[in-house]
Structures are given as C-alpha cells and as structure tokens.
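As a plain string of letters, each chain reads:
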Amino acid sequence: MYSAMRTTGHWVIVAVWGAAVLATPIATADAQQVQAGTFACRGGPDTGFVLGAVTNLDCVMHADSAPDSRYVAAIPNLGIFIGDQEVALAWRVMAPVPWLGLDQLAGSYTHESGAGDNVLTRGTNTPITLLPLNGDAFSTPPVKIESLEIRPMDRSS
C-alpha cells in the first residue's frame, strides 16, 4: 500500500513539473514582440489641427508586406506646438506578429511608469508597443507624449 502511494506521488510530481515546463515557453512567447512596421505622424499649419487641448495629427503605418494605412493620432496637451511649426513623430511598431490587420493599430496608448520617454503601449490581449524610431531625435520639435488615441482615417472621402 505504501509503495502504491509513493509511486502515485511521484507521478503527480512529474505531471506538475511537466505542466510547468510546457507553460514556460507559452508565457515567454506572449511577451515577445517583433517589429510590425513604422508609424509616422505629421502636423502643422495645414495638416494638424487643435481641438481644445487635443492635437490631431495625420499619420501613416508603413509595413513592408502591406499597403500603407492612414490614421489620425489625437495627442492631449500638444497644442502649444501647432501653429507655424511642423511636428513630426516616428515610432517602431512592436507587436506579437510581424503584420497587423487593417485598422488593428487603432486604440488608446499610454506611457507606462519606468518605460523610456515616448514609449507607449496598448492592450493586453494583443499588446502593441510604440518605440521611438530615432531615440533622442524622436520628434521635431522635442515633445514628451504621455498618451495618444489612434483612430483610422475616414476612408469615405
């Protein structure tokens, strides 16, 4: 009787260990991201417009394997830069897969505590991270963005 319980106990330990080993690569794979393209925004006297304390910029998502997708990025409290100055921003788009579907970049992005300047993230199911394309030369003029809302450009016109 004792040896049967001992053998069963060993199998339980082996099963738990095996499940832990199998689950580890899955958790690691979820955390990995690859570059899915670049996201560039521009605004100025003719393209960006200020609506209250929000600046809307024209943006393009470029991926090697797909046609460019056009978006509007709404950035709170950036209005002081729009006027006679052009604003240019660029990010690397990091996602769990190397491609994004039409309008999949849309959503609310925020700066997380501890992340570098202008590093923005969205979502938990399909996380997307925007990393500044050129580090310190991320934008002209220099800005620090805490959040932005990306929405698809109206395609009806």
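Data block above holds the structure.
What you see is a predicted model; the values in this text were computed from it and never measured.

Cut-offs used in this document
- Residues numbered from 1 in each chain as written.
- Predicted model: local features only at pLDDT ≥ 70, side-chain atom pairs only at ≥ 80, totals over all residues.
- Heavy atoms only, no water.
- Salt bridge = Lys/Arg side-chain N within 4 Å of Asp/Glu carboxyl O.
- Helix = DSSP H or I, 4+ residues; strand = E, 2+ residues; numbered from the N terminus.
- Buried < 20%, exposed > 50% of the residue type's maximum accessible area, 1.4 Å probe, protein only.
- Polar contact = N/O pair within 3.5 Å; in protein donor to acceptor, adjacent residues only side chain to side chain.
- Disulfide = S-S within 2.5 Å.

A.B. asks: How should the pattern of salt bridges be read in this particular structure?
C.D. replies: Where charged atoms from two side chains of opposite charge approach closely, those side chains can pair. Across all of its chains, the model carries 1 salt bridge by this definition. For Lys 144, the salt bridge goes to Asp 117, with nearest N and O atoms at 3.6 Å. Of this pair, Lys 144 sits in the loop between strand S9 (139-140) and strand S10 (147-152) while Asp 117 is found in the loop between strand S6 (107-111) and strand S7 (120-122), placing the two residues 27 residues apart along the sequence. With respect to burial, Lys 144 and Asp 117 carry one shared label: exposed.

A.B. asks: Just to check I follow, could you spell out the side chain of Asn 56 for this structure?
C.D. replies: Turning to its location among the elements, Asn 56 is positioned in strand S3 (residues 54-63). By relative accessible area, Asn 56 is classed as buried at 4%. At 3.3 Å, the side chain of Asn 56 and the side chain of Arg 151 are in polar contact.

A.B. asks: Any chance you could explain the state of the cysteines here in plain terms?
C.D. replies: Covalent bonding between the sulfur atoms of two cysteines is what defines a disulfide. All chains considered together, the criterion is met by 1 disulfide. Paired by a disulfide, Cys 41 and Cys 59 hold their sulfur atoms 2.1 Å apart. On the sign convention where negative is left-handed, the bridge of Cys 41 and Cys 59, at about 110° about the S-S bond, is right-handed. Of this pair, Cys 41 sits in strand S1 (residues 34-43) while Cys 59 sits in strand S3, and the two are 18 residues apart along the sequence. Of the two residues examined, Cys 41 and Cys 59, each falls in the buried class.

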